Amino acid sequence: MLQKIDQWIDQILIDFKEERQSCARFTEKFSGYYTEEFLSKSYFVVVDNIPKPRFPELYQAGLGDFVDMEVAGITYKDTYFVKTPFAADISLHFHELVHVHQWSLLGAESFIKRYISEIQTYGYNGAPLEKMAYSLQDRFMDNCTPTDVLSYIQNHL
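Keep in mind it's a predicted model, so treat the numbers as computed, not measured.

Chemist: I tried to follow the overall build of the chain on my own but got confused; where do I start?
Modeler: Within the chain, the secondary structure is distributed over eight helices and four strands. Along the chain, helices and strands appear, N-terminal first, in the series α-β-α-β-α-α-β-β-α-α-α-α. Relative to the 2.2 N^0.38 estimate, which gives 15 Å for 157 residues, the radius of gyration of the chain is 15 Å and therefore close to what a compact globule would have. Projecting the C-alpha coordinates of the chain onto the three principal axes gives extents of approximately 45 × 35 × 25 Å. Sequence separation of at least 24 residues holds for 63% of the intrachain contacts in the chain that already meet a minimum separation of 6.

Take a look at the structure:
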């Protein structure tokens, strides 16, 4: 199933390649949190509907609630998708960029496997990868002293 999801993701990224926008536009806003280099290699797409794999195997694995959950954004590898009403929500962009780096460090198959396992074990709100993203997002929104997010993620995965 992991390979099937990975192939689906690759196809989605191909399908939306022309709509991708560089996160380099956030360099000033995220200064001290994310490097310009990282942001220039990260992308987002604004969509009306978030693309999700709706494979029977995911429902059989008990992930139906997650697959069907309404979300404002979702990350696949170096690209995240944001629903149109949330396109200007800078905290959402910050959150999804945490996931972009998690993907890059873990690799696609390991990220997918770990994310599925965490959702099955802890639920969405308790999943450690999500908790990390929300925690860092909260620090950013609380105007705390900037944290080198890339190093933090690398040290806490």
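So, next bit.
Chemist: Is there a simple way to explain the side chain of H95 in this structure?
Modeler: In this fold, H95 is placed in helix α5 (residues 90-106). Taking the relative accessible area as the measure of exposure, H95 reaches 3% and is therefore buried. Discounting residues that sit within four places of it in the chain, H95 has contacts with E130, A133, Y134 and Q137.

Chemist: Can you walk me through the side chain of T79 in this structure?
Modeler: Position of T79 among the secondary structure elements: in strand β4 (residues 79-83). A polar contact of 3.2 Å, which involves the side chain of T79, links it to the side chain of R20. Among all residues touching T79, those that are not within four sequence positions of it are L13, R20, Y43, F44, V45 and I74.

Chemist: Hey, could you run me through the packing of aromatic side chains in this one?
Modeler: Any two aromatic rings considered together are summarised by their centre-to-centre distance and by the angle between their planes. A full pass over the atoms with the stated rule returns 19 aromatic pairs. Centre to centre, the rings of Y33 and F94 are 5.3 Å apart; their planes meet at 85°, and the pair counts as edge-to-face. Of the two residues, Y33 is situated in the loop between β1 (21-22) and α2 (36-40) and F94 in helix α5; the sequence distance between them amounts to 61 residues. F94 carries the same exposure label as Y33, and that label is buried. Put simply, the rings of F26, F30, Y33, Y34, F38, F44, Y80, F94 and F140 pair up and form one aromatic cluster. The ring of Y43 carries the charged tip of R20 above its face, separated from the ring centre by 3.7 Å. Its end group placed over the ring of F66, K52 keeps NZ or CZ at 5.3 Å from the ring centre.

Cut-off values and rules
Residues numbered from 1 in each chain as written. Predicted model: local features only at pLDDT ≥ 70, side-chain atom pairs only at ≥ 80, totals over all residues. Heavy atoms only, no water. Helix = DSSP H or I, 4+ residues; strand = E, 2+ residues; numbered from the N terminus. Rg over C-alpha atoms; globule rule 2.2 N^0.38 Å. Contact = heavy atoms within 4.5 Å. Buried < 20%, exposed > 50% of the residue type's maximum accessible area, 1.4 Å probe, protein only. Polar contact = N/O pair within 3.5 Å; in protein donor to acceptor, adjacent residues only side chain to side chain. Phe/Tyr/Trp six-rings, centres within 6.5 Å; stacked < 30°, edge-to-face > 60°. Lys NZ or Arg CZ within 6 Å of the ring centre and 35° of its normal.

Take it as geometry only, folks, not as evidence of what the structure does.
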